[in-house]
Amino acid sequence: MGKRIAIANQKGGVGKTTTAINLAAALAREGRRVLLVDIDPQGNATSGVGVSLEEADRTIYEILVDREAPAQALHTTDVEGLDLLPSDSRLAGAEVELVPVPRREHVLRDTIEPLAGRYHFTLFDCPPSLGLLTLNGLAAADSVLIPIQCEYYALEGLGRLLETVERVKESLNPRLDLEGILLTMFDSRLNLSIQVAEEARHFFGQKVYQTLIPRNVRLGEAPSFGKPVLVYDPHCIGAASYISLAKEILENG
Ligand code: ATP
Ligand code: MG
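Note that the structure is predicted; figures quoted are calculated from it, not measured.

Trainee: Can you explain the nonpolar core? Please cite residues and give values.
Mentor: Core analysis: the biggest nonpolar cluster contains 50 residues, and Ile 60, Leu 85, Leu 108, Phe 124, Ile 146 and Ile 148 have the highest contact counts within it. Top element by residues in this core is helix H6 (residues 132–140). It accounts for 6 residues. Contacts of Phe 124, omitting those with residues within four sequence positions, involve Arg 4, Ile 5, Ala 6, Ile 7, Val 37, Ile 39, Leu 108, Ile 112, Gly 137, Ala 140 and Ala 141. Listed in part, the 36 residues of the second largest apolar core include Leu 23, Leu 145, Cys 236 and Ile 243.

Encoded structure:
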């Protein structure tokens with residue numbers, strides 16, 4: 001049975017999508033079959049692996065709202081072993097359209113179940129909110145990976161996120177685990193980065209990955225070419241850091 005990981009933080013721009021794309025690509029490079037599921041209406045994970053919205057006539061929207069079979073929306077990518085369920089802006093409407101639906105928090109889990117079983121890893125790229133889409137991601141996941149940007153206010157809002165994870169665990173998904181906390185956009189020249197890393201390790205101990213994701217220009221550029229950094233520039237430090245994260249996750253089991 002494969003592992004499902006939700007990549008979530010309601011704070012915007014902390015590196016969720018960068019992590020989803022590049023961890024997915026790195027796990028695929030390690031020989032695992034990986035499904036990347038874009039559940040953010042912004043569709044950044046979709047365009048970030050080179051799937052254009054014109055190409056994607058069916059997306060996670062049809063799967064969640066019209067209950068179409070997930071295989072209809074499946075796309076392969078340039079990375080062998082990595083497939084994508086794309087998103088598009090209509091998904092923003094799903095936050096509202098799903099409200100009257102029975103088991104509304106479980107729609108993602110129920111609908112992608114037949115597909116997810118075929119992969120070693122399924123990664124959900126969540127939007128920057130704690131709304132119904134993120135709740136669906138948490139309800140469908142075995143664990144949640146939380147990226148934290150090494151910046152001012154990095155830990156602010158984390159309490160609310162962890163409370164939400166606890167609530168989901170109690171009411172929707174008892175097996176939900178904290179996969180780990182990932183420090184992103186780390187800059188070793190900045191005291192602030194070092195302080196945030198120390199503070200995170202103080203609060204979360206072993207749950208913080210040893211792997212730090214550095215601030216790296218190549219990581220920032222890759223999405224505009226529709227490529228994971230492992231394809232765009234396989235030898236850059238950003239690529240190496242996501243390969244190291246993938247290995248750490250595989251070792252943790
Ligand atoms: P949102 O909350 O809007 O979904 P997000 O949490 O998914 O954002 P990203 O889109 O991954 O965050 O990253 C925000 C911006 O920072 C993007 O422009 C991305 O390319 C850039 N970025 C992310 N990680 C790094 C990094 N390690 N080094 C340099 N730039 C980065
Ligand atoms: Mg994102």
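More follows now that the structure is in view.
Trainee: Just give me the short version of the site of ligand 1, but keep the residues and values in it.
Mentor: Close to ligand 1 lie 18 residues; Lys 16, Thr 17, Thr 18, Pro 214 and Asn 216 are nearest. Asn 216 has a polar backbone atom sitting 2.9 Å from a nitrogen atom of ligand 1. Relative to its free-state accessible area of 620 Å², ligand 1 is covered by the protein chains to the extent of 79%. Elements that contribute at least two residues to the shell around ligand 1 include exactly helix H1 (16–29), strand E8 (208–214) and helix H9 (217–221). Examining the composition of the shell around ligand 1, we find that 3 residues originate from one element, H1, more than from any other. Class assignment for the residues of the shell around ligand 1 results in 6 nonpolar, 8 polar and 4 charged.

Trainee: Before we move on, can you summarise the sheet that holds strand E3 (residues 75–76) with the specific residues and values?
Mentor: Spatial strand order, E3-E4-E2-E5-E1-E6-E7-E8: 8 strands in an open sheet with mixed pairing. Two strands lie at the open edges of the sheet, namely E3 and E8, each paired on one side alone. Pairing analysis gives 3 bridges linking strand E7 (residues 177–186) to E8, with the strands arranged parallel. Considered in E8, the bridge of Phe 186 is made with Pro 214. Relative to the sheet, helix H11 (residues 237–252) contacts strand E5 (121–125), strand E6 (143–149), E7 and E8, its axis offset from that of E8 by approximately 165°.

Trainee: Before we move on, could you go through the environment of Leu 133 and cite the residues and values that matter?
Mentor: Here Leu 133 shows up in helix H6. Note: C-alpha distance between Leu 133 and Ala 73 (60 residues apart in sequence) is 18 Å. Contacts of Leu 133, omitting those with residues within four sequence positions, involve Ile 39, Pro 41, Leu 64, Leu 91, Glu 95 and Pro 127.

Trainee: Please set out the side chain of Lys 16 residue by residue, giving values where relevant.
Mentor: With respect to the helices, strands and loops of the structure, Lys 16 is situated in helix H1. Here Lys 16 sits buried without a salt bridge, and the closest side chain of opposite charge, Asp 125, lies 6.6 Å off (N-O distance). A polar side-chain atom of Lys 16 sits 2.8 Å from the main-chain carbonyl oxygen of Lys 11. Discounting chain neighbours no more than four positions away, the residues touching Lys 16 are Ile 7, Ala 8, Asn 9, Lys 11, Asp 125, Cys 126, Pro 127, Pro 128 and Pro 147.

Trainee: Mind laying out the packing of aromatic side chains, listing which residues take part and the relevant values?
Mentor: The full count for this structure, using the stated rule, is 3 aromatic pairs. For the ring pair Phe 203 and Phe 204, a centre distance of 6.4 Å and an interplane angle of 50° mean the geometry is tilted. With 4.9 Å between their ring centres and 20° between their planes, Phe 225 and Tyr 232 make a pair best called stacked. A cation over a ring is seen here: Arg 33 above Tyr 119, with NZ or CZ 5.0 Å from the ring centre.

Trainee: So what's going on with helix H5 (residues 107–116)? Residues and values would help.
Mentor: Within the sequence span of H5, burial applies to Val 107, Leu 108, Thr 111, Ile 112, Leu 115 and Ala 116. Projected down its long axis, H5 carries its buried residues within an arc of 135°, all on one side. The inward-facing, buried residues of H5 contact strand E1 (3–7), strand E2 (34–38), helix H3 (60–65), strand E4 (82–85), E5 and H6.

Trainee: Tell me about unusual backbone geometry, and name the residues and values.
Mentor: Backbone geometry at Tyr 153 places phi at a positive 65°, although glycine is not the residue there. Among the structural elements, Tyr 153 can be located in the loop between E6 and helix H7 (158–171). Note on Tyr 153: relative accessible area 60%, which makes it exposed. Even without glycine at this site, Met 185 takes up a positive phi of about 55°. Tracing the backbone through its elements, the reader meets Met 185 in strand E7.

Trainee: How would you sum up the side chain of Glu 62? Please name residues and give values.
Mentor: Relative to the helices and strands, Glu 62 is located in helix H3. Classification of Glu 62 as buried rests on a relative accessible area of 9%. Engagement of the side chain of Glu 62 in a polar contact is seen with the side chain of Arg 90, the distance being 2.9 Å. Beyond its immediate stretch of four places on either side in the chain, Glu 62 contacts Asp 57, Arg 67, Glu 68 and Arg 90.

Quick notes on the rules
- Residues numbered from 1 in each chain as written.
- Chains lettered and ligands numbered in written order.
- Predicted model: local features only at pLDDT ≥ 70, side-chain atom pairs only at ≥ 80, totals over all residues.
- Heavy atoms only, no water.
- Core = buried A, V, L, I, M, F, W, Y, C linked by side-chain atoms within 4.5 Å.
- Buried < 20%, exposed > 50% of the residue type's maximum accessible area, 1.4 Å probe, protein only.
- Helix = DSSP H or I, 4+ residues; strand = E, 2+ residues; numbered from the N terminus.
- Contact = heavy atoms within 4.5 Å.
- Near = heavy atom within 4 Å.
- Polar contact = N/O pair within 3.5 Å; in protein donor to acceptor, adjacent residues only side chain to side chain.
- Areas by Shrake-Rupley, 256 points an atom, 1.4 Å probe, with all protein chains shown as cover.
- Nonpolar A, V, L, I, M, F, W, Y, C, P; charged D, E, K, R; others polar.
- Pairing = 2+ DSSP bridges.
- Axes fitted to C-alpha atoms, helices over the stretch in contact; angles between N-to-C directions.
- Lys, Arg positive; Asp, Glu negative; His and termini not counted.
- Salt bridge = Lys/Arg side-chain N within 4 Å of Asp/Glu carboxyl O.
- Phe/Tyr/Trp six-rings, centres within 6.5 Å; stacked < 30°, edge-to-face > 60°.
- Lys NZ or Arg CZ within 6 Å of the ring centre and 35° of its normal.
- Arc of directions from axis to C-beta.

Distances and angles like these do not, on their own, reveal function.
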